[in-house]
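# Residue-level structural notes
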Amino acid sequence: MSYIYFPGCSLQSTGKPYEESMQAVFAALNIPIKELDDWNCCGATAYMSISELKSFALSARNMALAERQAGAGNSADMVVPCAACYLGLNKAHHYLAENPDLNAKIKGALGVAGLNYSGRARIRHPLDVLVNDIGMKAVTERVKQPLKGMKVACYYGCQLVRPYADFDDQHEPTTMDVIMKALGAEVVDWPLKTRCCGGSLTGTVPDVGQRLSYILLREAKKRGCDVIATACPLCQFNLECYQSEMSRKYEAPVNVPVAYFTQLMGMAFGLDHKKLGLKRLFVPVHAPAAVGGSHVAA
Amino acid sequence: MNRWEGWHKVRYESELAPHFAAEIASIPGGDHLYSCIQCGTCSGMCPLSHHMDFTPRQIIAMIRAGFKADVLSSYTTWLCASCYSCTVECPKEIKLTDIMYAAKRLAIREGVYPKRFPIAVLADEFFKSVERNGRSSETWLLTRLYLRTNPFKMLKQAGLGMRLWLHGRLGLKPESIERKSELRSILKALEKEHMIKRKGNTAPLKEVAS
Amino acid sequence: MSQPNMKSNGTPKVGVYVCHCGINIAHTVDVAETVKFAAKLPYVTVVRDYKFMCSDPGQELIQQDFRDGKVDRVVVASCSPLMHEATFRRALAEAGGNAFMFQMANIREHVSWVTLDKVAATDKAKALIAAAVARVVLHQPLQKTSVPVNPDVLIVGGGISGIHAALTAANAGKKVYLVERDPTIGGHMAKFDKTFPTLDCSACILTPKMSAVRSHPNITLWTYSEVAGVEGYVGNFKVKVRRKPRYVDEELCVGCYECIEACVYKKPRFPDEFNVGLSMRRPIYIPFPQATPLVAVIDPETCAQIKTGKCKHPCVEACLRNAINFDQKEVIEEIDVGAIILATGFKTFDASRVSRYGYGKYPNIYSSLEIERMTNAAGPTGGEVRLTNGEKPKAVGIVHCVGSRDNHTNQWCSRVCCMYSLKLAHLIKERTEAEIYNFYIDMRTPGKGYEEFYERLLKENVHFIRGRVAEISDWAMTPEEEGKLVIRAEDTLVGVVRRIPVDMVVLSVGLEPQADADDVRRLFNISCGKEGWFLERHPKLAPVSTFTDGVFLAGACQGPKDIPDCVAQAGAATAEALALIDAGKVELEPNTAYVLEEVCSGCQTCIGLCPYSAITFDKEKKVAVVNGALCKGCGTCVASCPSGSLQQNLFTDAQILHEIKGVVNYV
């Protein structure tokens, strides 16, 4: 099955390491994937604050374009790494399916531009695709340099599992943990896997937003993790990029590497670190020395 | 105003907005809010509730009772990070996050929100960028945000900006889709529509003195 | 039941009586016009109208016309048959007529109460009257039959409800079979420590009743037994009871515990059901020291001898009365009873379904039933409330409404949890002097002495926080929270979010129907409500009977309730069962189906369709036979019969078709 890749606005700037590593990992696993042509912004959370109908229209255009790109009668599975885009598109998908009035309005608007949305397009997260479609057997087989001894705390964030739990348990998700275990890493269980990182509040109201991210970093560090694995560009940015500011503001300094789970996958697969965007991280991720070889990211 | 004059005022029925609850409840699935038993699970789950002036539970009570001005001018709806914890755990399946969005939209439409408040400004800039180009450019978005709310902060964030640029994570090119007119025509078709059905007095509100 | 053998002679003489029902009918339906209309209908000899037909003068109108020979069959156009069909049938019968030469036209609930337009209402009334007249012309006289009632009573479930029902019926002189699935009676109440609001010791008030059951000459107590099948009908039930093998002879065992001490499992290693898994037992066990009957039981799933045959079985030698018998087999007893009372109780909500409360994830988080065993002096900790490390807790959180009042789990309020949470708060404080925090949404204390109990707890310095607990976890924000379980909830009365570090959490779980409630209800041919509790006949006026005559409900199986209500309901159910039995006979409505044997081809289509299992196949005659006592007159078999050999009294094809024609011709 071929997938349609929806990057979203973040993946080509702050989330660049995510796009790079995801594409490298998918290529290594021979998963055919092609970027959606002329995709538009999903609206994220900010757009919904201004106009909800238009927000659904944004997502509907993307889904209509995906259906067109996939070709009539073919499945149109969109792989959406950014959690906010994932939720925005998925929410539109659910709401349009459950509310005929809304559906009619949106379809009418799309029709003005000659587009059609049938509901065929499915919104998938890379975690979903890797665990449920590809399977851990294929992933394990691709591991060349197991992350033995690396303690990983998996951080899912909010919008992957709430309010729709389409591919993982809502309260105790495990897809990322399953992947990390397949990579040979040691998974650190912690109770804040899905607690909010503060979202856009870290930029707009830093006293509030950064405090939320700080609580996560502090607890993960306390539980003895070497790295926090994330699946959302805003989560990764919030957890990583404000650490020096947090160290000044709050009780105890934090210095925890925060990587995208796809970067850790790429490391375990033995892929070229330049292709995984590892150098773009503020806090370097150190591969366990026991494995040997040149894994230490600069 | 002294605290003893501003707090604990009696609220008269004529000050309330009797149709406010129905307006909010008109969003898809919004009628669940009438089933609220005020258990407080939403506020208990919400990681931001202790930063808010009214907890999410209080907001629902205020919506039901018609305290429109208080709800729309509170900081609560703006501090909601859309984490959906409340929505998932509410025993009456009230879509609190969607209600917060509805309140945000009404507040913007009626012009009742703290001026220069960063979150509302961010939403506005984001909106404009997407309407114009079909995408948002993170760097330019944040730049305009700081310029409009707190230019000083931009200087403070310059360090972070530099670090991001050095790591190749600062997109400087303004992002845009190719078929902008296609998107514009779709959005224009929905220009006059809103999901909230307005009832009763739709005159703009006075901002409640805080 | 055979076909009717009485036919009326001569031309039908129909009397039509239209009721005004005060203004209920007359305000909307033009009664005078309907009277004029009815007079023109075929076979109608008398038409009258009256303000209140159901009153004595109204009934007298009918009776006098019958005695004068002016009418031989009657149509009353008034209210719903559910209201007064019985009234008018009786009136006709008392005047010497046949009760079933009667038809009602409902022009109140079906016309005047639901139609706004007067012209339309009168039209509809006329159509219904025409239909009733057309039908009654074809009515035949019918007789009610009666069957005798077996005086024995079966009670299913040996908790407090079943026990009380059994004692009441037995004291009334009836022979009672009390069947209980567990090896002992006592139910949930035997597990509690103290009961609210009096704080009576639960076992102290229960065990005398259990003992009375054991020694009552009228009660046959079958524990470790289940009902396997029920056939028959009200007053004449045939029940199969499966008596599971204990591998211990109940007649010989005296409950001396020697076999248990001798068991090869020196260290008990299987979760003890009575202690809700807080302690372990051996494969051979007695549930608790006051178990009734006080007889050991061997669990075939865990006993080495039964599973492998290779055990030295020292238990056999240890028993001085040779009571252990590994060859014991299951026994099916067959009994005949007249009435059945279901008292199968409830189960508690599984707290692990609410993952944010950490049940099963963090230590020292218990369900309320587990804490009941802990505070019980005869329980696994000897009545001491302790953490897993053996210390006394310094702070305990009690979480109300676990699993209840929630669309995701159970929507209903379980009624008893607020009270038992208060009780547990009192008991735990008494045993540990800890700070107790009760987190609630509403404080529901409606019973006698209950509000006063709440007041008592308020004065005992228990902290009450009105706020449903959002989450319980072990991550700390402040030094005081390190190593503790932190409860996060909004204190809605004060309006702030609070984090309370505690050592132990008690989850007040709600009550649910038993897991197999749906299977059990099928056995007895009753229904379950939407929520899974057994369905009563009417929520207000018939809470202990069901839609299946002869089957009654007692206790929590009908809905969550506390012990006083269970006992009251058990008494009520027994009273209704006794009313049935002491009447001596059951009258059966004659609107039953019957088979025209000469037409029946023996295709047996009807047999599987009957929801009341009332049809059997006579293998000799090769025809279907309807048991009139079981037949409820639903008409399913009649509709299905391809040859038309199945007919129904009072609902023959001709009668139904004429009724339809009556309406159609008018319209």
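The shown structure was predicted, so the numbers you read here are calculated from the model rather than taken from an experiment. (Residues numbered from 1 in each chain as written. Chains lettered and ligands numbered in written order. Predicted model: local features only at pLDDT ≥ 70, side-chain atom pairs only at ≥ 80, totals over all residues.)

## Digging into the overall build of chain A
- Scanning chain A from N- to C-terminus turns up 12 helices and 8 strands.
- What you see for chain A is a C-alpha radius of gyration of 19 Å, in line with the 19 Å of a compact globule of 298 residues.
- With the C-alpha coordinates aligned to their principal axes, the bounding extent of chain A is approximately 60 × 45 × 30 Å.
- Counting every position in chain A, which comprises 298 residues, the buried fraction comes to 61%.
- Pairs at least 24 apart in sequence give 77% of the contacts found in chain A among residues at least 6 apart. (Helix = DSSP H or I, 4+ residues; strand = E, 2+ residues; numbered from the N terminus. Rg over C-alpha atoms; globule rule 2.2 N^0.38 Å. Buried ≥ 20, exposed ≤ 12 C-beta atoms within 10 Å, placed from the backbone. Contact = placed C-beta atoms within 7 Å.)

## Brief notes about the packing of helix 2 (residues 52–70) of chain A against helix 12 (residues 180–189) of chain B
- One can describe the packing of helix 2 of chain A onto helix 12 of chain B by two numbers: an axis separation of 9 Å at closest approach and a directional angle of 145 degrees. Crossing handedness for the pair helix 2 of chain A and helix 12 of chain B: right-handed. Residues Lys54(A), Ala57(A) and Arg61(A) of helix 2 of chain A lie in contact with helix 12 of chain B, whose contacting residues are Leu183(B), Ile186(B) and Leu187(B).
- Residue classes in the contact of helix 2 of chain A with helix 12 of chain B are distributed as 4 nonpolar, no polar and 2 charged. (Axes fitted to C-alpha atoms, helices over the stretch in contact; angles between N-to-C directions. Left-handed = near helix turned anticlockwise from the far one by under 90°. Nonpolar A, V, L, I, M, F, W, Y, C, P; charged D, E, K, R; others polar.)

## Looking at helix 10 (residues 138–149) of chain B
- Along its 12 residues, helix 10 of chain B runs 16 Å from first to last C-alpha, staying within 8% of the 16 Å computed at 1.5 Å per residue.
- Taken together, the buried positions of helix 10 of chain B are Glu138(B), Thr139(B), Leu141(B), Leu142(B) and Leu145(B). Down the axis of helix 10 of chain B, the buried set is contained in an arc of 165 degrees. They therefore lie on one face.
- Where helix 10 of chain B is buried, its residues contact helix 8 (201–204) of chain A together with helix 9 (118–133) of chain B. (Expected span 1.5 Å × (residues − 1). Arc of directions from axis to C-beta.)

## Comments concerning the sheet that holds strand 5 (residues 151–155) of chain A
Residues and elements named next belong to chain A.
- Across the sheet, 4 strands lie side by side as 6-5-7-8; this open sheet has parallel pairing. In the strand order of this sheet, the two ends are held by strand 6 (186–187) and strand 8 (258–260), each with one partner.
- Bridge analysis of strand 5 against strand 7 (residues 227–230) gives 4 bridges, and the strand direction is parallel. Bridging across to strand 7, Cys-154 finds its partner in Ala-229. (Pairing = 2+ DSSP bridges.)

## Brief notes about the confidence of the model for chain A
- The predicted model of chain A has a mean per-residue pLDDT of 91, with 96% of residues at 70 or higher.
- Taken together, the stretch residues 290–298 of chain A has pLDDT below 50 and engages in 19 contacts with residues farther than four places along the chain or on a different chain. (pLDDT = per-residue confidence, 0-100.)

## Structural notes on the environment of Ser185(B)
- Considering the arrangement of structural elements, one finds Ser185(B) in helix 12.
- Spatially, the C-alpha atom of Ser185(B) lies 41 Å from that of Glu15(B), the residues being 170 residues apart in sequence.
- Leave out the neighbours within four places in its chain, and Ser185(B) touches Val112(A) and Ala113(A).

## Looking at the interface of chain B and chain A
- Contacts between chain B and chain A engage 51 residues on the former and 49 residues on the latter.
- Of all the secondary structure elements, the ones that give two or more residues to the side of chain B that touches chain A are helix 7 (85–89), helix 8 (96–109), helix 9, helix 10, helix 11 (151–166) and helix 12 of chain B.
- Looking at the side of chain B that touches chain A element by element, the count peaks at 7 residues for helix 9 of chain B.
- Partitioned by chemical class, the residues of the side of chain B that touches chain A number 28 nonpolar, 12 polar and 11 charged.

## Focus: the interface of chain B and chain C
- Listed as interface residues are 17 residues of chain B and, on the opposing side, 16 residues of chain C.
- Counting only elements with at least two residues in the side of chain B that touches chain C, the list comes to helix 3 (41–45) and helix 4 (56–65) of chain B.
- In terms of residue count, helix 3 of chain B provides more of the side of chain B that touches chain C than any other element does, 4 residues in total.

## Quick notes on the domain arrangement of chain A
All names here are of chain A.
- Domain annotation of chain A identifies domain 1 (3–126) and domain 2 (135–285).
- Placing a centre on the C-alpha atoms of domain 1 and another on those of domain 2 gives a separation of 24 Å.
- At the interface, 24 residues of domain 1 touch 27 residues of domain 2.
- Secondary structure elements with two or more residues in the side of domain 1 that touches domain 2: helix 1 (16–28) and helix 3 (83–98).
- It is helix 1 that provides the largest number of residues to the side of domain 1 that touches domain 2, a total of 9 residues.
- Per-class residue counts for the side of domain 1 that touches domain 2 are 14 nonpolar, 8 polar and 2 charged. (Domains from an automatic or database assignment.)

## Focus on unusual backbone geometry
- Pro197(C) follows Phe196(C) through a cis peptide bond whose omega is -10 degrees.
- Residue position: Pro197(C) is located in the loop between strand 8 (194–195) and strand 9 (200–201).
- Look at the link from Thr292(C) to Pro293(C): it is a cis peptide, with omega at 0 degrees.
- In this structure, Pro293(C) sits in the loop between strand 15 (284–285) and strand 16 (297–298).
- Of note in this structure, Ser82(B) is not a glycine but carries a positive phi near 55 degrees.
- Of note, Ser82(B) is situated in the loop between helix 6 (76–79) and helix 7.

## Observations concerning the sheet that holds strand 20 (residues 365–367) of chain C
Residue and element names in this part refer to chain C.
- In space, the 5 strands of this open sheet follow the order 20-27-21-22-23, with parallel pairing throughout. Of all the strands in the sheet, just strand 20 and strand 23 (463–466) have a single pairing partner and so form its edges. On average, each strand axis in the sheet is tilted by 20 degrees relative to the strand beside it, whichever way the strands run.
- Pairing analysis gives 3 bridges linking strand 20 to strand 27 (residues 504–509), with the strands arranged parallel. The residue bridging Tyr-366 from the neighbouring strand is Val-506, located in strand 27.

## Focus: the pairing of strand 4 (residues 102–106) of chain C
All names here are of chain C.
- Burial analysis of strand 4 places 5 of its 5 residues in the buried class, the great majority of the element.
- On strand 4, burial covers both faces: Phe-102, Met-104 and Asn-106 on one face and Gln-103 and Ala-105 on the other are all buried.
- In this sheet, strand 4 lies alongside strand 3 (residues 73–78) in parallel orientation, the contact comprising 5 bridges. Residue Val-75 lies in a different strand from strand 4, and its bridge partner there is Gln-103.
- What joins strand 3 to strand 4 is helix 3 (residues 81–94), and the crossover it makes is right-handed. (Right-handed = clockwise from strand over helix to strand, strands pointing away.)

## Structural notes on the domain arrangement of chain B
- Its domain assignment divides chain B into domain 1 (12–109) and domain 2 (118–189).
- Once you take the C-alpha centre of each, domain 1 of chain B and domain 2 of chain B turn out to be 29 Å apart.

## So, helix 15 (residues 563–582) of chain C
Residues and elements named next belong to chain C.
- If you check helix 15, its first and last C-alpha atoms are 28 Å apart, about what 20 residues at 1.5 Å a residue would give, namely 28 Å.
- Of the positions making up helix 15, those classed as buried are Ile-563, Cys-566, Val-567, Gln-569, Ala-570, Ala-573, Thr-574, Ala-577, Leu-580 and Ile-581. All buried residues of helix 15 lie within an arc of 165 degrees about the axis, which places them on one face of the element. Opposite the buried face of helix 15, by more than 90 degrees, sit the exposed residues Ala-579 and Asp-582.
- Downstream of helix 15 by a residue or two, Gly-584 has a phi angle that is positive, lying close to 85 degrees.

## Regarding the packing of helix 2 of chain A against helix 3 of chain A
Residues and elements named next belong to chain A.
- Between helix 2 and helix 3, the shortest axis-to-axis distance is 9 Å and the interhelical angle comes to 95 degrees. With respect to helix 3, the element helix 2 is oriented roughly perpendicular. Residue-level contacts link Phe-56, Ser-59, Ala-60, Asn-62 and Met-63 of helix 2 to Gly-88, Leu-89, Ala-92, His-93, Tyr-95 and Leu-96 of helix 3.
- Residue composition of the contact of helix 2 with helix 3, by class: 7 nonpolar, 4 polar and no charged. (Parallel < 35°, antiparallel > 145°, perpendicular 65-115°, else oblique.)

## Overview of the environment of Leu199(C)
All names here are of chain C.
- Mapped onto the secondary structure, Leu-199 falls in the loop between strand 8 and strand 9.
- With 15 C-beta atoms counted inside 10 Å, the residue Leu-199 sits in the partly exposed group.
- Counting along the chain gives 224 residues from Leu-199 to Lys-423, while the straight-line C-alpha distance between them is 7.7 Å.

## Description of the environment of Ile108(B)
- Assignment of secondary structure puts Ile108(B) in helix 8.
- A tally of 18 C-beta atoms within 10 Å means that Ile108(B) is categorised as partly exposed.
- For Ile108(B) and Asp124(B), which are 16 residues apart along the polypeptide, the C-alpha to C-alpha distance reads 9.2 Å.
- Residues contacting Ile108(B), with those up to four places away along its chain left out, are Ser49(A), Ile50(A), Tyr113(B) and Ala120(B).

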